[in-house]
Amino acid sequence: MIKMFWTGLLCFGFLALCAAAPNKRAVIDAAGCGMRPLLSDNGASEMTATQARIVGGIEAVPYTWPSICSFMTDTGYHICGSTLVKNKAGVFYLVTAAHCVSQRRASRYLARCGMHGMATANPDSVLLTFSDMVLHPQYSDMTFENDIAIFTLVNQPNTNDFVQPACIADQPYYGGEGSIVAGWGTLSYGGEMASTLKQVYKPIKPDATCAIRYPGEFEPANMMCAGEPEGGVDACQGDSGGPLYTYRNGKWYLTGVVSWGYGCAAPRNPGVYADVYNLRTWIDTIIN
Ligand code: ARG
């Protein structure tokens, strides 16, 4: 608190100096991302394995993941999940998986943020339209390496309790770190889509475990995996592109982007995610 105050003072007095100060971003982020305002504890209590149960998940408390958005065709058909983030200057972007994108033009897509039920309109939700999109230049639709895409918004959304950015991972995960995956995807492999937002707690696996599970397919340089050895908890079809969140120092970070897996929630087949921290250098070249 004191530190923030001092930094604030410093910034006020010496704007130029402040801009060069290395802690400036941390201070902006502290107030600026990763919050879940409708939950009194910011959702911290959801980071316990006890609620471990998209496949095997629970319904999210309505509207408590303000950074998740449905990524849709221009006709409003849900394709994938996606996550709102913002750059250092406070400009919003939308992150999804590259494999969710098949059209050539950004204007062929829409996203809706601030929603819970797929069919119920929240008056505070916002519809995003896009002026530009960038798929990772090393994305491969054969191997699903670097499965990430960034969309530039036509209009900046008004933020409210229902619509807010996630922080972008600025530290690597560790094997065993907890995470929460959220989405409207199917409740089982080949099953029905969820009508309301679901979430599930999953531990992130060490890269060595992911490599054993998916020999020759898991690429630690740009992927991560998460799940329980016995399965039962996972993302599934329709969750792709959506967030895997980790809770660090009181804020929710976008750490993974739902990418692929063998089936869903099968034993010894963890879900695989684009590794946001390892892709962050590229992300920064696009948004910052
Ligand atoms: N590829 C799927 C999609 O397009 C989701 C993959 C996630 N699968 C998993 N088992 N975690 O929605």
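As a convention, each chain's residues are numbered from 1 in the sequence order in which they are written. Residue-level local features of this predicted model are given only where pLDDT is at least 70; pairs of side-chain atoms are given and counted only at 80 or more, and the full residue set underlies all totals for whole chains, interfaces and linings.

This next bit is on the overall build of the chain. Helix and strand content of the chain: five helices and 14 strands. Going through the 288 residues of the chain one by one, you find that 44% of them count as buried. Counting from the N terminus, the helices are the DSSP runs of H or I reaching at least four residues and the strands are the DSSP runs of E reaching at least two. The exposure label follows from counting other C-beta atoms within 10 Å of a residue's C-beta, where the C-beta atoms are placed from the backbone and the thresholds are 20 or more for buried and 12 or fewer for exposed, leaving partly exposed in between.

On to the nonpolar core. Nonpolar core, as used here: buried Ala, Val, Leu, Ile, Met, Phe, Trp, Tyr and Cys residues forming one set through C-beta atoms within 7 Å. Formed by 76 residues in total, the largest nonpolar core has its most connected members in Ala-97, Ala-166, Leu-254 and Tyr-273. Considering every element that reaches this core, the biggest residue donor is strand β13 (residues 251–260), with six residues. For the purpose of contact definition, each residue receives a C-beta atom placed from its backbone, and two residues are in contact when these atoms lie within 7 Å. Those residues in contact with Tyr-273 that lie beyond four places of it in its chain are Met-223, Met-224, Cys-225, Ala-226, Leu-244, Gly-256, Val-257, Val-258 and Ser-259.

To continue, consider the confidence of the model for the chain. Values of pLDDT, ranging from 0 to 100, describe the predictor's confidence in every residue of the model. Within the chain, residue pLDDT values average 88, and 88% of them lie at 70 or more. Considering only residues more than four positions removed or in separate chains, one finds that residues 1–30, a stretch of pLDDT under 50, has 12 contacts.

In this section: unusual backbone geometry. One non-glycine residue, Phe-144, adopts positive backbone phi at about 60°. Mapped onto the elements, Phe-144 comes out in the loop between β6 (126–135) and β7 (149–153). Taking the C-beta count within 10 Å as the criterion, Phe-144 has 20 such neighbours and is therefore assigned buried. A positive phi angle is found at Asn-249, which is not glycine, with a value near 50°. Relative to the helices and strands, Asn-249 resides in the loop between β12 (243–248) and β13.

Turning to the sheet that holds β7, a few remarks are in order. Being paired, for any two strands, means DSSP has found at least two bridges between them. As summarised here, the arrangement of the six strands in space is β2-β3-β4-β7-β6-β5, forming a closed barrel in which the pairing is antiparallel. Taken over all neighbouring pairs, the strand axes of this sheet differ in orientation by 40° on average, direction set aside. Of the pairings in the sheet, the one linking strand β3 (residues 78–86) to strand β4 (residues 92–96) comprises four bridges and is antiparallel in character. When the bridges of β4 are listed, Thr-83 appears paired with Val-95. Axis lines are fitted through C-alpha atoms, for helices just across the contact stretch, and the angle between N-to-C directions can take any value from 0 to 180 degrees.

Here we take up the pairing of β4. A large share of β4 lies buried, amounting to five of its five residues. Here β4 shows two buried faces, one formed by Phe-92, Leu-94 and Thr-96 and the other by Tyr-93 and Val-95. Hairpin connection from β3 to β4: five residues lie between these consecutive antiparallel strands, with Gly-90 at a positive phi of about 85°.

Before going further, it helps to examine the environment of Ala-111. Its location among the elements puts Ala-111 in strand β5 (residues 109–113). When the C-alpha atoms of Ala-111 and His-78 are compared, they prove to be 8.6 Å apart, with 33 residues separating the residues in sequence. If near-sequence neighbours (up to four positions away) are discounted, Ala-111 is found in contact with Cys-69, Ser-70, Phe-71, Met-72, Ser-82, Leu-94 and Leu-128.

Moving on, we come to the pairing of β12. Of all the six residues making up β12, five are buried; the element is thus mostly covered by neighbouring parts of the structure. One ladder, built from two bridges, connects strand β9 (residues 178–183) with β12; its direction is antiparallel. Directly across from Ile-180, in β12, lies its bridge partner Tyr-245. Bridge count for β12 against β13 is six bridges, and the pairing is antiparallel. Following the sheet pairing, Tyr-245 is matched in β13 by Leu-254. Between the end of β12 and the start of β13, which pair antiparallel, lie two residues, with Asn-249 showing a positive phi angle near 50°.

The next point concerns the environment of Gln-237. Mapped onto the elements of the fold, Gln-237 is located in the loop between β11 (223–226) and β12. With 16 C-beta atoms counted inside 10 Å, the residue Gln-237 sits in the partly exposed group. The residues contacting Gln-237, other than those within four sequence positions of it, are Gly-185 and Thr-186.

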